[in-house]
Amino acid sequence: MHFEWYHKLSLGILAALWLAYASNYLGDALVHAKTMDKPAYTAEAPEEGEAKAEAKTETAAAEDGLTLLASADAGKGAKLFGKCKACHTTEKGGKNKVGPNLWDVVGRAKAGGAGFKYSGALTDMGGDWSYADLDAFLAKPKAFLPGTKMAFAGLKKPAQRAAMLVYLRSLSDSPKALP
Ligand code: HEC
């Protein structure tokens, strides 16, 4: 009786060992298969990873915030505006600081704020501030408008820009229709 119990146990252990060995072998085989058709998993992987991460950031910056406008939260934009406050006021008739007052800026003529001395770059651009132009400008001011006086790196995330755009839109007696 005792022997039989012991026998079963050792068989069980054997089976477990065999399974462990087999899965290990299988795992190795799979990893090797991957390495073979994807040389990217070799020693250069870290560099590739970095390049990919960079590419991803670029895509995020290149993506526009317009598609997110419908679900964007003006309250979040108001908080984000903390980044802009040093240079911009938002109330109607507010004063110009380092940058122009931004009341009613959506749909306003570019460089159209009263009494502010804009850069030649912005004055020469012409046209009105559409949502699309504001989105591109705020993503990377110096890329959208080389020569701008606005010393601000940009809001990299499309969701942040969408929140900012709906906040800027709210600074008006008659907010412009969303695109
Ligand atoms: C360091 C100061 C500074 C900061 C920070 C800054 N801006 Fe500006 N902004 C400016 C200046 C200066 C101009 C005028 C640009 C020109 O003339 O080229 C400007 C122009 C603008 C314009 C165009 C206004 C018009 O009348 O044509 C908008 C819109 C704007 N800023 C939004 C923002 C937002 C939103 C933020 C925050 C995310 C921000 N800015 C952060 C200084 C700043």
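This is a predicted model, so every value here is computed, not measured.

(A) Looking closely at the pattern of salt bridges. Applying the stated rule across the entire model yields four salt bridges. Residues Lys 92 and Asp 173 are paired through a salt bridge, measuring 2.5 Å at the closest nitrogen-oxygen approach. With Lys 92 in the loop between α3 (74-80) and α4 (120-125) and Asp 173 in the segment after α7 (158-170), the pair connects residues that are 81 residues apart, well separated along the chain. We note that Lys 92, like Asp 173, is exposed. For Asp 104, the salt bridge is made with Lys 176, and the minimal N-O distance between the two is 3.4 Å. Of this pair, Asp 104 sits in the loop between α3 and α4 while Lys 176 sits in the segment after α7, and the two are 72 residues apart along the sequence.

(B) Just the environment of Gly 77, in detail. Following the sequence through the fold, Gly 77 ends up in helix α3. The spatial distance from the C-alpha of Gly 77 to the C-alpha of Leu 168 is 7.9 Å, given a sequence separation of 91 residues. Not counting chain neighbours up to four residues away, the residues in contact with Gly 77 comprise Ala 163, Met 164 and Tyr 167.

(C) Inspection of α7 at higher detail. Its 13 residues place the ends of α7 18 Å apart at the C-alpha level, agreeing with the 18 Å of an ideal helix rising 1.5 Å per residue. All of the buried residues along α7 are Pro 158, Arg 161, Ala 162, Ala 163, Met 164, Leu 165, Val 166, Tyr 167 and Leu 168.

(D) Geometry of the coordination of the iron atom of the ligand. Each protein donor to the iron atom of the ligand is listed here as His 88 (NE2) and Met 150 (SD); together their distances run 2.0 to 2.1 Å. Considering all six donor atoms around the iron atom of the ligand, the spread of angles at the metal, 87 to 178 degrees, places the coordination shape in the octahedral class. A residue pair is termed long-range when its members are at least 10 positions apart, and His 88 in the loop between α3 and α4 and Met 150 in the loop between α6 (141-144) and α7 qualify at 62 residues. For the pair formed by His 88 and Met 150, the shared burial category is buried.

(E) The environment of Ala 139, seen in detail. Locating Ala 139 in the fold gives a position in helix α5 (residues 131-139). Residues Ala 139 and Gly 154 lie 15 residues apart in sequence; the distance between their C-alpha atoms is 4.7 Å.

(F) Main features of the site of the ligand. In the vicinity of the ligand there are 27 residues, among which Cys 84, Cys 87, His 88, Tyr 118 and Met 150 approach most closely. Here an oxygen atom of the ligand and a side-chain polar atom of Thr 148 are 2.7 Å apart. Among the elements that take part in the shell around the ligand, α5 stands out by supplying three residues, more than any other. Of the residues assigned to the shell around the ligand, the class counts are 19 nonpolar, four polar and four charged.

(G) Region of interest: the packing of aromatic side chains. This model, assessed by the stated rule, comprises five aromatic pairs. Considering the side-chain rings of Phe 116 and Tyr 118, the 4.8 Å spacing of their centres and the 70 degrees angle between planes classify their relative orientation as edge-to-face. Both residues of the pair, Phe 116 and Tyr 118, count as buried. Counting every residue linked through ring pairs, the aromatic cluster contains Trp 129, Phe 137 and Phe 144.

Conventions and cut-offs
- Residues numbered from 1 in each chain as written.
- Predicted model: local features only at pLDDT ≥ 70, side-chain atom pairs only at ≥ 80, totals over all residues.
- Heavy atoms only, no water.
- Salt bridge = Lys/Arg side-chain N within 4 Å of Asp/Glu carboxyl O.
- Helix = DSSP H or I, 4+ residues; strand = E, 2+ residues; numbered from the N terminus.
- Buried < 20%, exposed > 50% of the residue type's maximum accessible area, 1.4 Å probe, protein only.
- Contact = heavy atoms within 4.5 Å.
- Expected span 1.5 Å × (residues − 1).
- Donors = N, O, S within 2.8 Å, 3.2 Å for Na, K, Ca; no water.
- Tetrahedral: all angles 85-135°; square planar, octahedral: opposite > 155°, others 65-115°.
- Near = heavy atom within 4 Å.
- Polar contact = N/O pair within 3.5 Å; in protein donor to acceptor, adjacent residues only side chain to side chain.
- Nonpolar A, V, L, I, M, F, W, Y, C, P; charged D, E, K, R; others polar.
- Phe/Tyr/Trp six-rings, centres within 6.5 Å; stacked < 30°, edge-to-face > 60°.

Functional significance is not addressed by these values, which are geometric in nature.
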